[in-house]
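Here's the letter readout for the chains.
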Amino acid sequence: MTRILGLTMSFFLFFTTLESQEKVKLFYNSGWKVTAENKASYYRESEYDLNSLKLQGKVLDYTLSGNLLMEGNYLNGKRNGNFIFYFDKGKIRSQGAYENNQRVGEWRYYYHSGQLRQIVLFKNIDNSNDIAVVEFYDKVGNQLIKNGTGKWVNDSIQTGLFDFASIKTLTGQFKDSLKQGEWQLIRNSDKKLMHSERFKKGKFIGARLYNDQLNYYGTISSEMLDKIPDENIAKLRCTENFELDSTVYPKDLLTSDTETIFKSVTGKEFQVQNRQAGYRYGDDQLLEFLSNNIRYPIGAID
C-alpha cells in the first residue's frame with residue numbers, strides 16, 4: 001500500500017508544478033509566529049511558492065528596527081545553501097550550509113565579541129552527532145582544540161530530558177577529529193552528573209543517564225546527546241510551518257486558498273499565475289488528505 005500511495009503522490013506532483021512565486025514581507029511576534037505589524041518584534045523579506053505555501057529562494061530576517069538577523073536560501077520549502085545568523089547587534093553568530101534542512105560541511109560559530117568560537121564539520125546529513133570540531137577557542141581567544149585534537153566545552157546545553165529549567169555544561173575530548181574518552185553533561189545549578197558517554201576513536205562504547213525522579217543512573221545503548229544543537233531550530237520550524245499568531249488571525253485561515261491567506265497577513269492582493277488544475281488548498285494538504293483517506297482493498301494491495 002505504501003508503494004502504491006507513493007506512486008500516486010509522485011504522479012500527482014508531476015502534473016501540479018507551480019510556476020508562480022511572490023516576494024512577501026511578513027511580520028512576526030517574539031515567538032516567530034506571523035502577526036500584525038503593530039504586534040511585531042521581527043519582519044521577514046522572502047519569496048513564497050503561493051500554491052504550496054513554501055519558502056522558495058532568498059530569505060532575510062530583521063529586527064523591527066532593521067538589524068539583520070538571518071540570511072539564507074530555500075528550495076521547495078527546505079533550507080538549502082548558505083546561511084548566516086547574526087546577533088542583534090550585527091555581528092555574525094554562526095554561518096554554514098544546509099542540505100534539505102540539515103547542517104552539512106564546515107560551520108563557524110562566534111562569541112558576542114566577534115571572537116571565533118569553533119569550526120565544526122558536519123559529516124553525515126542523516127546523523128547530527130557525526131561531527132568533528134576542528135578548532136575551538138574560549139571566550140578570551142585561547143585555543144583549546146587545534147587540528148581536531150583537544151578539549152571541547154559547550155556551557156549552554158538545554159536537553160529537557162528531566163529538568164526543563166536547568167542549563168547544563170557538556171565537556172569532552174577530540175583526538176584527530178574523533179570523539180575520544182568520556183564525555184560528561186553536568187547540571188550547572190548543583191554540578192550533578194546528568195549524562196555520560198564513552199568513545200574510542202569516534203566509536204560509541206557506552207553511556208549512563210541519570211534519572212532525577214528515581215535518583216539512579218541507567219545504561220544507554222546508543223549515543224543520544226546532540227553535541228551541537230541547532231540553536232535556531234525552534235524559530236526555523238515555526239516560520240517554515242507558517243504558524244499564525246492566534247490572537248490576530250483565526251485558526252481556520254490556513255484552510256483558505258493562498259491568495260486569501262497572504263491578503264489577510266499582508267493586506268495586499270496576490271494572484272497566482274499559471275496555476276494548473278489542482279487541490280484548492282495546495283499540494284501539501286492534498287497529500288495529507290490522500291494519506292489519511294485512501295483505503296486499498298486487500299486484494300489490490302497484494
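Residues numbered from 1 in each chain as written. Predicted model: local features only at pLDDT ≥ 70, side-chain atom pairs only at ≥ 80, totals over all residues. Heavy atoms only, no water.

Caption draft 1: Region of the structure containing the overall build of the protein. Along its length, the protein carries five helices and 18 strands. The buried share of the protein, reckoned over its 302 residues, is 41%. For the protein, the exposed area adds up to about 16700 Å²; of that, 49% sits on carbon and sulfur atoms. (Helix = DSSP H or I, 4+ residues; strand = E, 2+ residues; numbered from the N terminus. Buried < 20%, exposed > 50% of the residue type's maximum accessible area, 1.4 Å probe, protein only. Areas by Shrake-Rupley, 256 points an atom, 1.4 Å probe, with all protein chains shown as cover.)

Caption draft 2: Just helix α3 (residues 258–266), in detail. All buried positions along α3 are accounted for by T258, E259, I261, F262 and V265. Along the axis of α3, the buried positions cluster into a sector of 160 degrees, meaning they face one direction only. The elements touched by buried residues of α3 are β1 (21–28), β2 (34–35) and β3 (42–49). G267 sits one or two residues past α3 and shows a positive phi near 80 degrees. (Arc of directions from axis to C-beta. Contact = heavy atoms within 4.5 Å.)

Caption draft 3: Representation of the packing of aromatic side chains within the structure. In the structure shown here, the tally under the stated rule is 19 aromatic pairs. Here F85 and W107 contribute two aromatic rings whose centre-to-centre distance is 6.5 Å and whose plane-to-plane angle is 25 degrees, an arrangement assigned as stacked. Of the two residues, F85 sits in strand β7 (residues 81–86) while W107 sits in strand β9 (residues 102–110), which places them 22 residues apart along the sequence. For the pair formed by F85 and W107, the shared burial category is buried. Taking 5.5 Å as the distance between ring centres and 35 degrees as the angle between the ring planes, the aromatic pair formed by W152 and W183 counts as tilted. You can see W152 sitting in strand β13 (residues 149–157) and its partner W183 sitting in strand β15 (residues 178–187), a full 31 residues away along the chain. With respect to burial, W152 and W183 carry one shared label: buried. Aromatic rings pair up to connect Y74, F83, F85, Y98, W107 and Y109 into one cluster. The aromatic ring of Y217 is capped on one face by R208, whose charged end is 4.5 Å from the ring centroid. The positively charged end of K227 is found above the aromatic ring belonging to W183, 5.8 Å away from the centroid. (Phe/Tyr/Trp six-rings, centres within 6.5 Å; stacked < 30°, edge-to-face > 60°. Lys NZ or Arg CZ within 6 Å of the ring centre and 35° of its normal.)

Caption draft 4: How the structure looks around the pattern of salt bridges. For the structure on display, the rule yields 12 salt bridges. Between E240 and R79 there is a salt bridge; the shortest N-O distance is 2.6 Å. Remark: R79 occurs in strand β6 (residues 78–79) and E240 occurs in helix α2 (residues 233–240); sequence separation between them is 161 residues. Per residue, the accessibility class of E240 equals that of R79, and both read buried. Three or more residues are tied together by salt bridges with common partners; here these are K179, E197, E223 and K227. (Salt bridge = Lys/Arg side-chain N within 4 Å of Asp/Glu carboxyl O.)

Caption draft 5: Fine view of the environment of F136. With respect to the secondary-structure elements, F136 resides in strand β11 (residues 131–137). A sequence separation of 16 residues divides F136 from W152, and the C-alpha atoms of the two residues are 6.8 Å apart. Those residues in contact with F136 that lie beyond four places of it in its chain are Y111, R117, Q118, N142, Q143, L144, I145, K151, W152 and V153.

Caption draft 6: How the structure looks around the environment of G90. Here G90 lies in the loop between β7 and β8 (92–99). When its relative accessible area of 41% is taken as the criterion, G90 is described as partly exposed. For the pair G90 and N67, spaced 23 residues apart in sequence, the C-alpha separation works out to 6.5 Å.

Caption draft 7: Geometry of the pairing of β11. By the criterion of burial, β11 is predominantly enclosed, with five of the seven residues buried. Both strand β10 (residues 116–122) and β11 contribute to a ladder of five bridges, which runs antiparallel. Residue F122 lies in a different strand from β11, and its bridge partner there is I131. As paired strands, β11 and strand β12 (residues 143–146) are joined by two bridges and run antiparallel to one another. Within the sheet, the bridge partner assigned to Y137 lies in β12 and is Q143. Between β11 and β12, which pair antiparallel one after the other, the connecting turn spans five residues, and G141 there sits at a positive phi close to 100 degrees. (Pairing = 2+ DSSP bridges.)

Caption draft 8: Examining unusual backbone geometry more closely. Although it is not a glycine, N100 sits at a positive phi angle of roughly 50 degrees. Note on placement: N100 falls in the loop between β8 and β9. For N100, a relative accessible area of 42% puts it in the partly exposed group. One non-glycine residue with positive phi stands out, namely D176, at about 55 degrees. Residue D176 is classed as exposed on the basis of its relative accessible area, which comes to 56%.

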